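Residues per chain are reported as follows:
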Protein chains: 2
Amino acid sequence: MQYSYGELARRIEREIRQGHYPVGARLPSVRECASGHGVSVSTAIRCYRHLESQGLVEARSKSGIYVADWKSRRKPDVGDLAGARKPSRAAPPQYEQLMSLPHRMTELYALTAQTLSLGLHLAHVAPQWYPCQALSDIGQRLLRKDPMAIGAYPTGTGLPAFKASLINWLGACGVDLGEHDLLVTHGSTEALNVALRSVAQPGDAVIVESPVYFGLLQMIDNLGLRAVEVPCVPGAGISLEALEFALEHQHGVRAVVVSAVFQNPLGCAMSDRDKRRLLKLAEQHDVAVIEDDAFGDLSPAVERPQPIKAWDRNQRVIYCGSCSKSLAPAFRVGWVAGGRYHARIETLKLSNSLVAPLFEQAVLAEWLNSGAHLLHLRRLRERLALNLPLALDAVARHFPAGTRVVSASGGWWLWLALPDHVDTLALLKRAVAQGIAFAPGVVFSSSTKFVNHLRINTGRPWGRDMERGFETLGALVQSAPVRVS
Amino acid sequence: MQYSYGELARRIEREIRQGHYPVGARLPSVRECASGHGVSVSTAIRCYRHLESQGLVEARSKSGIYVADWKSRRKPDVGDLAGARKPSRAAPPQYEQLMSLPHRMTELYALTAQTLSLGLHLAHVAPQWYPCQALSDIGQRLLRKDPMAIGAYPTGTGLPAFKASLINWLGACGVDLGEHDLLVTHGSTEALNVALRSVAQPGDAVIVESPVYFGLLQMIDNLGLRAVEVPCVPGAGISLEALEFALEHQHGVRAVVVSAVFQNPLGCAMSDRDKRRLLKLAEQHDVAVIEDDAFGDLSPAVERPQPIKAWDRNQRVIYCGSCSKSLAPAFRVGWVAGGRYHARIETLKLSNSLVAPLFEQAVLAEWLNSGAHLLHLRRLRERLALNLPLALDAVARHFPAGTRVVSASGGWWLWLALPDHVDTLALLKRAVAQGIAFAPGVVFSSSTKFVNHLRINTGRPWGRDMERGFETLGALVQSAPVRVS
């Protein structure tokens, strides 16, 4: 029988764990292993690579493969939620994969598993900037009050109490919804997923902003759809002229996905006039508008700008939101209001993952009703805004001339254009080696337009670590080799 | 331009909602519609069928197609955490929809929103039969110990501590997995969803058991796949002879979905020999095996039977599990081990809903490691088993001659074959009017094979309410009109 590398790895792993090969023992060479188990050399190599990634073996150059000191690998303590913040997987990131549509998100997330002193590659803020204690208190009280709820078999489209408070909140943002217009999802990721599936079939095209959140590009590809990237006008959002042209000339376009209030990575907001113009274009060309408003509540504007959904007379906008950025990342709670497509979205969501967990929804319902949310958002935006001048100053002092801050996104992150010759993917490899990670420009597009761009998270207390991190990064940019393109 | 039925339906839906066609108005006939929009008659038919499934139009036999009373949807009141157990939505169930693939699950769940004295239509047990208090205590402790975890931005394939304890648990069931072979999902529903998408493209076929869980049929339809139903041998699981024939004669089959340990609704288990035979067939015909083991831990057998995955030498089995039936329904935590398809499953899952919430995983990790799980499962199985004779006795006393208990599923539910003339869908309407709901046979197949069957949940303390419920139901069966077929 012919082993797959995985089976072979499992077999050898068993032998190691059972002590046939003690720590430090030399394992058969790749060729010995291949002939010994009747597999190809490449299979044997993949097998050992896999075992190495598991920390079970280590290859010593020239000398061979040895059993690593796998026992002393610290097991995450049980129930240690912190374990989640640093997954135990530590396979080296496959940087090239960051350019492959189906993997860029996967690999960018894999970066988090590396031992980093500064992981600035994802868009989140420091945990202590969220009202964790208050949410935890609510959660403890609810569990005490109604433990039996854990045994309840949830059905429906979301916890009624949560939907009610969410509807009030969205109403204040200009989005007028009834209970049957809203569906609770597993984060805005699932919301976007069922939204896309409700209006587009494999082979269809979807218009997205450019640059755009890498996760959306991977999602569209995984659904067998084509992403048509329409450029954004810095500060103004998607170019409506380019959008109109795309709608006139691209075939099979079913939807336009936009973040009108706070775009990722540009952090820009569309004017109300442009929102109405976009709706008109969508109407004329009979396409859906999928609005990703996950960052909407974090707009640096004094008055929270209204999402496109607020102008949606013809129920053409599928509105997607989330509390993962604004309130409780670990809760993974999002929502979707599908307008005319809502019935289809309901059946897709149901057979995608049934319903969202009850506990998080109950906590969020109480939090929203407590009235503390507005205050929390104001404080969070203030904290982010305070970081802004510090981050800009650090860039000015440490980065080479020719570096341009395209957008500062109210302190969430910086979107930087480095000198043309800098390849930020190559830069990332060198930065990770020094314990610093950011999101390279290439992941925000299928094109190579943003090869010299990067998004770097600034949503954390600005201390010496950040100062030093920017200094290190700036030095790496200074010494960046000239890109061969 | 040539409309697809979907586009045409969207257009007519718009005209209805905008009032061009008021409620009660007669719509163009299928032929008028076809010629009017330059589409084929079949397209027009699909279009109207779709609008009908959305409750926008109704076909009156002989007379034509009319705009339905789509506006009159009752608004419910806001609930609390308990509200989750009885969603406030109370639109009358659309019983015909239970026969439509994209809606059977939706509508069956909608039944829960009715005011029922006995909702026996879903497969769950009484909340007090789950260790809710213990799980709630663990949850409170974790929230107290590490509130900041709520602010953590989760990445990776699941909470390491939970995956570790789950791997131990599955190991005891004969499933040998490493950390990188396992992915935490939003219940087994999402696990099955990404499993199907990892091996099949729209248009492909998937073999399922018959009768089978209605949610799987809706899911397969929503993914644009074809379900090929292969009959089960009561007590033995899927017929391997029929399966072999199907694999030889059906085109585009990519996977076989089976529940080898505890089938829903038949509650039967495959022999270990049949499991190996099934794997061999899958190997010969190069199809994946998707194993739904959500009920596996609840097998009435003294020794928990091993899932097919335990024999999976060639990494061809995608193993899907969940704690929604065995431990904590409201947690919505499941898992998938994708074998050779795992890498593809990882990227699909990531862009389907990122990661699972941390809290539930942390609670489950601690629970599994406490060692209390085995004891809980034994007690749960005992409780279910104690119900069995009572339920069987109630059927014997109250149901008419010719009623056959096809399977008693260890006390979880009964799968009954009523006298041939009984239409259990019609029966359901009359039962709901009396506050009792069950799952009618039609939802477990695309065929009409099980029109006189029903699945009725028995997983709750057997009191006078159950006794009276079975009595009422029996009387309704006695008086059931002769079915016109």
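Residues numbered from 1 in each chain as written. Chains lettered and ligands numbered in written order. Predicted model: local features only at pLDDT ≥ 70, side-chain atom pairs only at ≥ 80, totals over all residues. Heavy atoms only, no water.

### Re the overall build of chain A
If you tally the helices and strands in chain A, you get 15 helices and 16 strands. Taking 23 Å as the expected radius of gyration for a compact globule of 485 residues, we find that chain A reaches 24 Å, a close match to that expectation. Considered along the principal axes of its C-alpha atoms, chain A spans approximately 70 × 60 × 50 Å. By residue count, 63% of the 485 residues in chain A fall in the buried class. When contacts within chain A are restricted to residue pairs at least 6 apart in sequence, long-range pairs at least 24 apart make up 71% of them. Of the accessible surface of chain A, which amounts to about 17800 Å², a share of 53% is contributed by carbon and sulfur atoms. (Helix = DSSP H or I, 4+ residues; strand = E, 2+ residues; numbered from the N terminus. Rg over C-alpha atoms; globule rule 2.2 N^0.38 Å. Buried < 20%, exposed > 50% of the residue type's maximum accessible area, 1.4 Å probe, protein only. Contact = heavy atoms within 4.5 Å. Areas by Shrake-Rupley, 256 points an atom, 1.4 Å probe, with all protein chains shown as cover.)

### Focus on the domain arrangement of chain A
For chain A, the domain assignment lists domain 1 (5–72), domain 2 (94–127 + 376–478) and domain 3 (132–371). A straight line from the C-alpha centre of domain 1 of chain A to that of domain 2 of chain A covers 37 Å. (Domains from an automatic or database assignment.)

### Topic: the side chain of Thr458 of chain B
Residues and elements named next belong to chain B. Among the structural elements, Thr458 can be located in the loop between strand E16 (453–457) and helix H15 (464–478). A distance of 3.4 Å separates the side chain of Thr458 from the backbone nitrogen of Trp413, its partner in a polar contact. Those residues within four positions of Thr458 in sequence are excluded, and the remaining contacts are Asn387, Ala391, Gly411, Trp412, Trp413, Leu414, Met466 and Phe470. (Polar contact = N/O pair within 3.5 Å; in protein donor to acceptor, adjacent residues only side chain to side chain.)

### Digging into helix H14 (residues 424–433) of chain A
Residue and element names in this part refer to chain A. Every buried residue of H14 is accounted for by Thr424, Leu425, Leu427, Leu428, Ala431 and Val432. In a view along the axis of H14, the buried residues occupy a sector of 150°, so they form one face of it. Next to the buried residues of H14 lie helix H4 (104–111), strand E14 (436–437), strand E15 (439–440), strand E16 (453–457) and helix H15 (464–478). Its side-chain oxygen placed 2.8 Å from the backbone nitrogen of Leu425, Asp423 serves as the N-cap of H14. Immediately beyond the C-terminal end of H14, within one or two residues, lies Gly435, with a positive phi of roughly 85°. (Arc of directions from axis to C-beta.)

### Here's the deal with the pattern of salt bridges
By the definition in use, this model includes 38 salt bridges over all chains. Here Arg14 of chain A makes a salt bridge to Asp176 of chain B, at a shortest N to O gap of 2.5 Å. Of this pair, Arg14 of chain A sits in helix H1 (residues 5–17) while Asp176 of chain B sits in the loop between helix H6 (160–172) and strand E4 (183–185), which puts the two residues in different chains. When the shortest N-O distance is used, the salt bridge between Asp297 of chain A and Arg304 of chain A registers 2.8 Å. Shared partners join several salt bridges into a network, and the residues in it are Glu241, Arg273, Asp274 and Arg277 of chain A. (Salt bridge = Lys/Arg side-chain N within 4 Å of Asp/Glu carboxyl O.)

### Section: the nonpolar core
Core analysis: the largest hydrophobic core is formed by 103 residues, its most contacted members being Leu196, Ile207, Ile238, Leu243, Ile290 and Phe470 of chain A. Take this core: its biggest share by element is six residues, from helix H7 (residues 187–199) of chain A. Setting aside anything within four residues of it in sequence, one finds Phe470 of chain A in contact with Leu120, Ala391, Ala394, Val395, His398, Phe399, Leu414, Ile456, Thr458 and Trp462 of chain A. Among the nonpolar cores identified, the runner-up in size contains 102 residues, and Val230, Ala391, Leu427 and Val451 of chain B belong to it. (Core = buried A, V, L, I, M, F, W, Y, C linked by side-chain atoms within 4.5 Å.)

### Description of the sheet that holds strand E13 (residues 413–417) of chain B
Strand pairs in the sheet, formed through backbone hydrogen bonds, run parallel or antiparallel to each other. All names here are of chain B. Pairing is antiparallel in the open sheet, where four strands are placed in the order E12-E13-E16-E15. Each having just a single partner strand, strand E12 (404–407) and strand E15 (439–440) make up the two edges of the open sheet. Alignment of E13 against E16, held across five bridges, turns out to be antiparallel. Counterpart to Trp415 in the pairing with E16 is Arg455. (Pairing = 2+ DSSP bridges.)

### Some remarks on the interface of chain A and chain B
A common way to report how large an interface is uses the accessible area buried once the components associate. The interface is formed by 96 residues belonging to chain A together with 99 residues belonging to chain B. There are four salt bridges connecting chain A and chain B. Note that Asp286 of chain A and Arg14 of chain B form a salt bridge whose closest N and O atoms lie 3.5 Å from each other. For the interface between chain A and chain B, the tally reads 31 residue pairs in polar contact (both at pLDDT 80 or more). Elements supplying a minimum of two residues to the side of chain A that touches chain B: H1, H4, helix H5 (132–145), helix H6 (160–172), H7, helix H8 (214–222), helix H11 (342–353) and helix H12 (358–370) of chain A. Examining the composition of the side of chain A that touches chain B, we find that nine residues originate from one element, H11 of chain A, more than from any other.

### A few points about the packing of aromatic side chains
All names here are of chain A. Per the stated rule, a full pass over the model turns up 25 aromatic pairs over all chains. Aromatic pair Tyr213 and Phe214: ring centres 5.0 Å apart, planes at 50°, arrangement tilted. For the residue pair Tyr213 and Phe214, the accessibility class agrees, reading buried in each case. Within the aromatic cluster, the residues linked to one another by ring pairs are Tyr213, Phe214, Trp415, Phe444 and Phe450. Lying across the ring of Trp413, Arg455 places its NZ or CZ 5.3 Å from the centre. (Phe/Tyr/Trp six-rings, centres within 6.5 Å; stacked < 30°, edge-to-face > 60°. Lys NZ or Arg CZ within 6 Å of the ring centre and 35° of its normal.)

### A closer look at the packing of H4 of chain A against H8 of chain A
Residues and elements named next belong to chain A. Where H4 contacts H8, the two axes come as close as 8 Å, and the packing angle between them is 140°. Here H4 is positioned oblique relative to H8, judged by the angle of their axes. Residues Arg104, Met105, Thr106, Leu108 and Tyr109 of H4 pack against Phe214, Gly215, Leu217 and Gln218 of H8. (Axes fitted to C-alpha atoms, helices over the stretch in contact; angles between N-to-C directions. Parallel < 35°, antiparallel > 145°, perpendicular 65-115°, else oblique.)

### Some details on unusual backbone geometry
Cis peptide bonds are those with omega within 30 degrees of zero, and the linkage from Asn264 of chain A to Pro265 of chain A qualifies with 15°. Looking at the secondary structure, you find Pro265 of chain A in the loop between strand E8 (253–258) and helix H10 (272–284). Cis rather than trans, the peptide bond between Ser210 of chain B and Pro211 of chain B has omega equal to 0°. The residue Pro211 of chain B is located in the loop between strand E5 (205–210) and helix H8 (214–222) in this model. The phi angle at Asp286 of chain A is positive, at roughly 50°, despite the residue not being glycine. With respect to the helices and strands, the residue Asp286 of chain A is situated in the loop between H10 and strand E9 (288–292). In this structure, Leu354 of chain A is a non-glycine residue whose phi angle is positive, near 50°. For Leu354 of chain A, the position within the fold is in the loop between H11 and H12.

### Here's the deal with the state of the cysteines
Considering all chains together, one arrives at zero disulfides over all chains under this definition. We note that Cys268 of chain A lacks a disulfide partner, and the nearest cysteine sulfur, in Cys232 of chain A, lies 5.1 Å from it. Of the cysteine sulfurs around Cys323 of chain B, a residue in no disulfide, the closest is that of Cys132 of chain B, at 12 Å. Taking relative accessible area as the criterion, Cys323 of chain B reaches 3% and is therefore assigned buried. (Disulfide = S-S within 2.5 Å.)

### As for the pairing of E12 of chain B
Within a regular beta strand, the side chains point alternately toward one face of the sheet and then the other, so they alternate between its two faces. Residues and elements named next belong to chain B. In this sheet, E13 lies alongside E12 in antiparallel orientation, the contact comprising three bridges. Residue pairing in the sheet places Val405 in a bridge with Leu416 of E13. Between E12 and the antiparallel strand that follows it, E13, lie five residues; Ser409 among them carries a positive phi value of about 45°.

### With respect to the environment of Gly296 of chain A
Residues and elements named next belong to chain A. Looking at the secondary structure, you find Gly296 in the loop between E9 and strand E10 (317–322). Residue Gly296 is classed as buried on the basis of its relative accessible area of 1%. Counting along the chain gives eleven residues from Gly296 to Pro307, while the straight-line C-alpha distance between them is 7.6 Å. Those residues in contact with Gly296, other than ones at most four positions away along the chain, are Val261 and Arg304.

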